[in-house]
Amino acid sequence: MRIGELARRTGVSERSLRYYETQELLRAGRTPGGHRDYGDWAVDRVIRIQALYAAGLTSKKIAQLLPCMRDADGGPSAIATPRLVADLAAERDRIDRTIADLVRSREVLDEVIDAATG
């Protein structure tokens, strides 16, 4: 599929898809005319990249993780290493801390709202 179709199927801009290529997160074949050509696998890959960005990972960290994840289900591949698992656990712990901080912030806001309206 061409880049426009991949963008439509994933809701990600063509510009972002090109950026993913420069960061070595996504690879495209080329048609005889020089256009980017992606397989169906690219849809899952782009969705996975978006999810990892949303979790706060950097493109460098995502580039390290993607080769160790299956695109279709996000599960580990045969090359997932103990180091990768430790890195993922550290990222999960960071996300958990962020969630806890947000919950505390929401509780403070709720107290202020209750005080202001009660």
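The following refers to the structure shown. Please read all numbers here as calculations on a predicted model, not as lab measurements.

**Observations concerning helix α3 (residues 41-54)**
Inference 1: With 14 residues, α3 ought to run about 20 Å at 1.5 Å a step, and its terminal C-alpha atoms sit 20 Å apart, in line with that.
Inference 2: Along its buried surface, α3 packs onto α1 (3-10), α2 (14-22) and α4 (59-65).
Inference 3: One or two positions beyond α3, positive phi appears at G56, with a value near 95°.

**Considerations on the pattern of salt bridges**
Inference 1: All chains considered together, the criterion is met by nine salt bridges.
Inference 2: As a salt-bridge pair, R9 and D40 come within 3.5 Å of each other at their nearest N and O atoms. Of this pair, R9 sits in helix α1 while D40 is found in the loop between β2 (36-37) and α3, placing the two residues 31 residues apart along the sequence.
Inference 3: You can call R9 partly exposed: its relative accessible area is 43%.
Inference 4: The partner of E21 in a salt bridge is R36, with the nearest N and O atoms 2.7 Å apart. Placement of the pair is E21 in helix α2 and R36 in strand β2, with a sequence separation of 15 residues.
Inference 5: Each of E5, R9 and D40 takes part in salt bridges that share partners, so that together they form one network.

Reading guide: rules and limits
Residues numbered from 1 in each chain as written. Predicted model: local features only at pLDDT ≥ 70, side-chain atom pairs only at ≥ 80, totals over all residues. Heavy atoms only, no water. Helix = DSSP H or I, 4+ residues; strand = E, 2+ residues; numbered from the N terminus. Expected span 1.5 Å × (residues − 1). Contact = heavy atoms within 4.5 Å. Salt bridge = Lys/Arg side-chain N within 4 Å of Asp/Glu carboxyl O. Buried < 20%, exposed > 50% of the residue type's maximum accessible area, 1.4 Å probe, protein only.

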